[in-house]
Amino acid sequence: MKRRIGILALVLLIIGLGIGGVLVYKIHTPEYVLLQTFVDLQESGVDGLEEHMTANGWSQVEKVRKIADNPVVIALSSAFSKQTEELLAKIKSMDWTIKDILKGKQSSEVVIQFTDHKKITGTIRVLMKKEENQWKIDQLDWPQFEQFSL
């Protein structure tokens, strides 16, 4: 009887370790990191990206933000300001999914698809790299819009 309990306990331990190993593997994949990024993006907007990016990736975002916040650019784009505000507001409400992924040991290329109830649809190519054993976004390409209507 004790032997059966010992064998049963060993089998349950092995199953538990296997499940734990799978979970640890899954949370250290580019896909999981991007899914967490989507959650943070929907909660915090563009600011939710920072913790998921390398220094290089975040510097790209900051450059775009500086251009967008430039008074000259704002004045020149005043005719489009309402559309720009609407687009930035929609970032939080868009549906984000992974369309394609090419994984390597230290870098990955991911194509993310976004949509806002068929008004705005498109893709963004994201380059990721492993930094201190964590996947982070290193480069974001400009969005490729398939449909854009506000």
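Above this text sits the structure in question.
### Focus on the pairing of strand β2 (residues 107-116)
Phase 1 of the analysis: Here β2 shows a clear split, with S108, V110, I112, F114 and D116 buried on one side and none of S107, E109, V111, Q113 and T115 buried on the other.
Phase 2 of the analysis: When strand β1 (residues 95-103) meets β2, the two strands line up antiparallel, connected through 8 bridges. When the sheet's bridge partners are listed, D95 is paired in β2 with T115.
Phase 3 of the analysis: By the bridge criterion, 10 bridges tie β2 to strand β3 (residues 120-131) in an arrangement that is antiparallel. When the bridges of β3 are listed, S107 appears paired with K129.

### Some remarks on the environment of S93
Phase 1 of the analysis: As for its placement among the helices and strands, S93 is situated in the loop between α5 (81-90) and β1.
Phase 2 of the analysis: Residue S93 is classed as partly exposed on the basis of its relative accessible area, which comes to 40%.
Phase 3 of the analysis: S93 sits 24 residues away from H117 along the chain, and the two C-alpha atoms are 9.5 Å apart.

### Here's the deal with the packing of aromatic side chains
Phase 1 of the analysis: For the coordinates displayed, the defined rule picks out 2 aromatic pairs.
Phase 2 of the analysis: For the ring pair W96 and F114, a centre distance of 5.5 Å and an interplane angle of 40 degrees mean the geometry is tilted. Residue W96 is located in strand β1, and its partner F114 is located in strand β2; the two are separated by 18 residues in the primary sequence. Comparing W96 with F114, the two get one shared label, buried.
Phase 3 of the analysis: With centroids separated by 5.8 Å and ring planes inclined at 85 degrees, the aromatic side chains of F114 and F145 adopt a geometry described as edge-to-face. Of the two residues, F114 sits in strand β2 while F145 sits in strand β5 (residues 144-148), which places them 31 residues apart along the sequence.
Phase 4 of the analysis: Three or more aromatic residues joined by ring pairs form one cluster here, namely W96, F114 and F145.

### Some words on the pattern of salt bridges
Pairs may arise between side chains of opposite charge once their charged atoms sit close together.
Phase 1 of the analysis: If you walk through the whole model with that rule in mind, you get 3 salt bridges.
Phase 2 of the analysis: With a closest N to O distance of 2.5 Å, R125 and D141 form a salt bridge. With R125 in strand β3 and D141 in the loop between β4 (134-140) and β5, the pair connects residues that are 16 residues apart, well separated along the chain.
Phase 3 of the analysis: Connected via shared salt-bridge partners are E109, R125 and D141.

Thresholds applied
- Counting from 1, residues in each chain are numbered in the order their sequence is written.
- Side-chain atom pairs in this predicted model are given and counted only at pLDDT of 80 or more, local residue features only at pLDDT of at least 70, and totals for whole chains, interfaces and linings cover all residues.
- In computing side-chain values, all of the structure's heavy atoms are included and hydrogens and water are not.
- A simple rule labels every residue: compare its accessible area, found with a 1.4 Å probe on the protein chains alone, to the largest value its type can have, and call it buried under 20%, exposed over 50%, or partly exposed in between.
- Going along the chain from the N terminus, every DSSP run of H or I of four or more residues is numbered as a helix, and every run of E of two or more is numbered as a strand.
- DSSP-based pairing: two strands are paired if at least 2 bridges between them are found.
- Pairing of aromatic side chains here covers Phe, Tyr and the six-membered ring of Trp, requires ring centres within 6.5 Å, and sorts the geometry by plane angle: under 30 degrees stacked, over 60 edge-to-face, intermediate tilted.
- Salt bridge, as applied in this entry: a Lys or Arg side-chain nitrogen positioned within 4 Å of an Asp or Glu carboxyl oxygen.

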